[in-house]
Amino acid sequence: MQLSMTRSVPRPNAGIIDDIEDADEKKGYEPEDLTTFHQLVRHLVVDGDRRTLADMALVGQRR
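What you see is a predicted model; the values in this text were computed from it and never measured. (Residues numbered from 1 in each chain as written. Predicted model: local features only at pLDDT ≥ 70, side-chain atom pairs only at ≥ 80, totals over all residues. Heavy atoms only, no water.)

Description of the overall build of the protein chain
Operational definition: Under the scheme used here, helices are H or I runs from DSSP no shorter than 4 residues and strands are E runs no shorter than 2 residues, and both carry numbers assigned from the N terminus. When a residue's accessible area, from a 1.4 Å probe over protein chains only, is under 20% of the maximum for its type it is buried; when over 50% it is exposed; and in between it is partly exposed. Throughout, the Shrake-Rupley method with a 1.4 Å probe supplies accessible areas, and for residues the shown protein chains are the sole cover considered.
Scanning the protein chain for helices and strands turns up 3 helices and 0 strands. A buried classification covers 0% of the 63 residues belonging to the protein chain. When the accessible surface of the protein chain is split by element, carbon and sulfur atoms take 57% of a total near 6,800 Å².

Here's what the structure looks like:
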């Protein structure tokens, strides 16, 4: 007779990383994204950039 000491493998479930990511996604957009955008706009205003959004889109398409 052969005895083996085995146990069943537990079902995988969401770990701590998944919990953190879920909580982060519920918060919405990160504040640093908005801060970065405001810094860009401030820089363009200080430099006197007078391009319109349409002008900027055209430049981006030429690349």
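Some words on helix α2 (residues 31-47)
Spelled out, the test is: Every helix has an expected span of 1.5 Å times one less than the residues it contains.
Its 17 residues place the ends of α2 25 Å apart at the C-alpha level, agreeing with the 24 Å of an ideal helix rising 1.5 Å per residue. Downstream of α2 by one or two residues, Gly 48 has phi in the positive range, about 75°.

A closer look at the confidence of the model for the protein chain
Predicted coordinates in areas of low pLDDT are best not read in detail. In plain terms, the rule: A residue's pLDDT is the predictor's confidence in that residue, given on a scale from 0 to 100.
Of all residues in the protein chain, 76% have pLDDT values of 70 or greater, and the mean over the chain is 77. The element-level mean pLDDT for the protein chain is lowest in helix α3 (residues 53-62), coming to 72, with helix α1 (residues 16-27) highest at 85.

With respect to a nonpolar patch on the surface
Here is the rule: Every patch collects residues that have over 30% relative accessible area and no salt bridge, joining them within 9 Å if they carry like charges and within 5 Å if they are nonpolar side chains (Val, Leu, Ile, Met, Phe, Trp, Tyr). Basic side-chain nitrogens of Lys or Arg form a salt bridge, by our definition, when they fall within 4 Å of a carboxyl oxygen of Asp or Glu.
A contiguous nonpolar patch, built from Leu 34, Phe 37, Val 41 and Val 45 and spanning about 380 Å² of accessible area, is present on the exposed surface. Mapped onto the fold, Val 41 is located in helix α2. We classify Val 41 as partly exposed; its relative accessible area is 34%.

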